[in-house]
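Take a look at the letters that make up each chain.
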Amino acid sequence: MDKRYEDKLVMMPTEMNQFFSPVQYAVMGQKSMVYQGSGAISMIKNICACEGWKKVLLVIDPGVLKVGGADSVIRVVEDAGLEYKIFSKIEPNPLAEDVEEIGLPMYREMGADCLIAVGGGSTMDSAKGIAMIGESDNDIVDCEKVSFTANPYVDLPWKTYPMIAVTTTCGTGSEVIRNAVITERNGHKGVLMHDCILPKYAIEDPDLLASLPAHVASSTVMDAFVQSVESYVSNAATLFSEMCSMRAIELLGPNLVKYVRNPSDPVVADCISKGSMLGGMAWNGSFPCQIHGCNHPITEILHISHGDACAILLPWFVEWNGENAKEKFWKVHNAMYPLDQVSFPDFTIDDFVKKLMKLNYDLNIMNNMTMDEYVKWRGTAEGCTDETCRQIIEAQYGPSYTAPRKTSKEEMLQALIAVNNGRYIYRPE
């Protein structure tokens, strides 16, 4: 065994989990060393010592920074004697100009050795943008082009930057994913996909999930859950991704409402931490279906959070794909409701859809409003009409080819209109 990893094993708290996360269900590409468990952030000191890293750029979500959610990480960095600067100009949908004009110059000017990203998916994506540009003259647009032309498992011809990802939310699983989404200057959401932006180290410390506000907790936990379900039923699922996604559903499903109502429960938070991580690993080995196929424009046009958009589309997704993947959805149901399992002959898609609608209600997703009602209430858009739904579908349609049941563009439009009209909102009697 590599001497560096012997050192890590010796210094690792006994209650912590340590393992490699393969990018694909194959022996290829990079690997991420994952530390999961209470107190996992303590490993930052040892990681940097083993790697010889002395200067770090902390990429921290501004909301997390404001409420002190990164204080424990900063203390670990300071106790380790590391020189650091903080980049926190991060929007909910990260902007290319912030990455290129603020974050990247900060990294280069201080001569940093690595990035430490502290936050959720937006923070991870911002750090990944800095990491992928690296020592090149590229911008985010160039990097997106590379993502679609270069072999994702082969090193790029320029130096990229290593990253430690410390997650403070339970959403995207970005800390174990080699993808990033960054909004380019023309408003297009650029998607970066390459092994070079898989964090070299991932820290999954459930203690950091304890202080999330309820609306953030519900949105991010549903992001993780929907990712797990979507990757499980996808036609692109593999043996490895199915194992990860089903275990994620087993951990997340029974704890979704418990976590949102009491995020400081250490047992529940640990289940959510593990489930989110495994959902991210499943995402690497599978491929999205209709929910993520139209999700980005919903966030761009209506400024609805990614996790909320995932949640409101889930009941429709199960209803539409249900009969084509009934056995898999039956397994999802029984993993979610271990005390209310049903036999396959007694399982119906209609009953499951109703339970998912009730789940969104219990989590108070978007205050149980339609998209139109919600954006008017928040003032983030003038409203959401049928024409707005058409704009969303025109902006991004697909992918339907990996879904159990295909959808045409018109069918996807009608689905979004039905969601917006409240067809899938639970109404208590």
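The protein chain goes by Iron-containing alcohol dehydrogenase in an unreviewed UniProt entry, where it is assigned to Wansuia hejianensis. Turning to the protein chain, the UniProt record has this under Sequence similarities (unreviewed entry): "Belongs to the iron-containing alcohol dehydrogenase family."

Q: For the nonpolar core, give the residues involved together with the corresponding values.
A: Within the largest apolar cluster, 80 residues are counted, with the highest numbers of intra-cluster contacts made by Met222, Tyr259, Ile298, Leu314, Phe329 and Met371. The dominant element in this core, judged by the number of residues it contributes, is helix 14 (residues 306-321), at 10 residues. When we break this core down by domain, the ones giving at least three residues each are domain 1 (32-208) and domain 2 (214-421). Contacts of Leu314, omitting those with residues within four sequence positions, involve Met222, Phe225, Val226, Val229, Ile291 and Leu356. Counting residues in hydrophobic clusters, the runner-up holds 32 residues, among them Ile90, Leu104, Met124 and Ile140.

Q: Tell me about helix 9 (residues 239-252), and please be specific about residues and values.
A: Side chains three or four residues apart in an α-helix point the same way, a direct result of the helix having 3.6 residues per turn. Look at helix 9: 20 Å from first C-alpha to last across 14 residues, which is about the 20 Å you get at 1.5 Å a residue. Residues of helix 9 that are buried: Phe240, Ser241, Cys244, Ser245, Met246, Ala248, Ile249, Leu251 and Leu252.

Q: Please set out the packing of aromatic side chains residue by residue, giving values where relevant.
A: We describe a pair of aromatic rings using the distance from one ring centre to the other and the angle between the two ring planes. Summed over the entire model, instances satisfying the criterion amount to nine aromatic pairs. Aromatic side chains Trp330 and Phe344 sit 5.2 Å apart centroid to centroid with 65 degrees between the ring planes, which places their arrangement in the edge-to-face category. In this pair, Trp330 is assigned in helix 15 (residues 326-336) and Phe344 in the loop between helix 15 and helix 16 (349-362), connecting sequence segments 14 residues apart. Summarising the aromatic geometry, the rings of Tyr374 and Trp377 are spaced 5.9 Å apart at their centres and angled 35 degrees between planes, so their arrangement reads as tilted. Of this pair, Tyr374 and Trp377 both sit in helix 17 (residues 371-378), three residues apart, roughly one helical turn. Taking relative accessible area as the criterion, Tyr374 reaches 10% and is therefore assigned buried. The side chain of Lys328 reaches across the aromatic face of Tyr232, ending 4.7 Å from its centre.

Q: If you had to explain the domain arrangement of the protein chain to someone new, which residues and values would you point to?
A: Under the domain assignment, the protein chain is made up of domain 1 (32-208) and domain 2 (214-421). Between domain 1 and domain 2, the residue contacts involve 20 residues of the former and 21 residues of the latter. With both sides pooled, the region where domain 1 packs onto domain 2 buries about 1,600 Å², and carbon together with sulfur makes up 56% of that total. Looking only at domain 1, the three residues that lose the most surface to domain 2 are Gln36, Cys170 and Lys189, adding up to 34% of its buried area. For the pair domain 1 and domain 2, the number of links is zero salt bridges. Of all the elements in the fold, those that place two or more residues in the side of domain 1 that touches domain 2 are strand 2 (31-36) and strand 8 (189-193). Here the side of domain 1 that touches domain 2 is composed, by residue class, of seven nonpolar, nine polar and four charged.

Q: Please set out the state of the cysteines residue by residue, giving values where relevant.
A: Two cysteines, two sulfur atoms, one covalent bond between them: this is a disulfide. A full pass over the atoms with the stated rule returns zero disulfides. Cys310 provides the cysteine sulfur closest to Cys294, a residue in no disulfide bond, and the two sulfurs are 9.4 Å apart. On the basis of relative accessible area, Cys294 is assigned to the buried category, the value being 1%. Residue Cys384 stays outside any disulfide, its sulfur separated by 3.9 Å from that of Cys389, the closest cysteine.

Q: I'd love a proper account of the packing of helix 13 (residues 295-302) against helix 18 (residues 386-395), names of residues and values included.
A: Contact pair helix 13 / helix 18: the axes reach a minimum separation of 8 Å and the direction vectors enclose 130 degrees. Considering their axes alone, helix 13 and helix 18 lie oblique with respect to each other. Where helix 13 crosses over helix 18, the handedness of that crossing is right-handed. Packed against helix 13, whose contacting residues are Pro297, Ile298, Ile301 and Leu302, the element helix 18 presents Thr388, Gln391, Ile392 and Ala395 at the interface.

Q: Would you mind going over the pairing of strand 3 (residues 55-60) in detail, with residue names and values included?
A: Taken across its six residues, strand 3 has five buried, putting it largely inside the fold. Across five bridges, strand 3 lies against strand 5 (residues 114-119) in parallel orientation. Of the residues in strand 5, the one forming a bridge with Leu58 is Ile116.

Q: A description of helix 7 (residues 140-147) should follow, citing residues and the corresponding values.
A: Those residues of helix 7 that sit buried are Ile140, Cys143, Glu144, Val146 and Ser147. An end-on view of helix 7 places all buried positions within 160 degrees of arc, on one side of the element. Packing partners of the buried residues in helix 7 comprise helix 5 (96-110), helix 6 (121-133), strand 7 (179-183) and strand 8. Put simply, Asp139 is the residue that caps the front of helix 7, since its side-chain oxygen is 3.2 Å from the backbone nitrogen of Val141.

Q: Lay out the pattern of salt bridges with the relevant residues and their values.
A: Pairing of side chains with opposite charge becomes possible as their charged atoms draw close. Applying the stated criterion to the full structure yields 16 salt bridges. The closest approach of N and O atoms between Glu91 and Lys89, which form a salt bridge, is 3.3 Å. The class of Glu91 is partly exposed, set by a relative accessible area of 32%. Within this structure, Lys89, Glu91 and Asp98 form a network of salt bridges that share partners.

Q: I'd like to hear about the side chain of Ser147, residue by residue, with values.
A: Within the secondary structure, Ser147 is located in helix 7. A polar contact is formed between the side chain of Ser147 and the backbone nitrogen of Met193, at a distance of 2.9 Å. With near-sequence residues (within four places) excluded, Ser147 lies in contact with Met132, Val191, Leu192 and Met193.

Q: Could you give me a rundown of the environment of Trp320, with the residues and numbers involved?
A: In this structure, Trp320 sits in helix 14. Classification of Trp320 by relative accessible area gives buried; the value is 16%. For Trp320 and Pro404, which are 84 residues apart along the polypeptide, the C-alpha to C-alpha distance reads 9.1 Å. Not counting chain neighbours up to four residues away, the residues in contact with Trp320 comprise Gln290, Arg405, Lys406, Thr407 and Glu411. In this structure the side chain of Trp320 is engaged in a polar contact, spanning 3.3 Å, whose partner is the backbone oxygen of Lys406.

Calculation criteria
Residues numbered from 1 in each chain as written. Predicted model: local features only at pLDDT ≥ 70, side-chain atom pairs only at ≥ 80, totals over all residues. Heavy atoms only, no water. UniProt positions renumbered as here; feature names shortened; annotations may be inferred. Core = buried A, V, L, I, M, F, W, Y, C linked by side-chain atoms within 4.5 Å. Buried < 20%, exposed > 50% of the residue type's maximum accessible area, 1.4 Å probe, protein only. Helix = DSSP H or I, 4+ residues; strand = E, 2+ residues; numbered from the N terminus. Domains from an automatic or database assignment. Contact = heavy atoms within 4.5 Å. Expected span 1.5 Å × (residues − 1). Phe/Tyr/Trp six-rings, centres within 6.5 Å; stacked < 30°, edge-to-face > 60°. Lys NZ or Arg CZ within 6 Å of the ring centre and 35° of its normal. Buried area = accessible area lost by both parts, 1.4 Å probe. Salt bridge = Lys/Arg side-chain N within 4 Å of Asp/Glu carboxyl O. Nonpolar A, V, L, I, M, F, W, Y, C, P; charged D, E, K, R; others polar. Disulfide = S-S within 2.5 Å. Axes fitted to C-alpha atoms, helices over the stretch in contact; angles between N-to-C directions. Parallel < 35°, antiparallel > 145°, perpendicular 65-115°, else oblique. Left-handed = near helix turned anticlockwise from the far one by under 90°. Pairing = 2+ DSSP bridges. Arc of directions from axis to C-beta. Polar contact = N/O pair within 3.5 Å; in protein donor to acceptor, adjacent residues only side chain to side chain.

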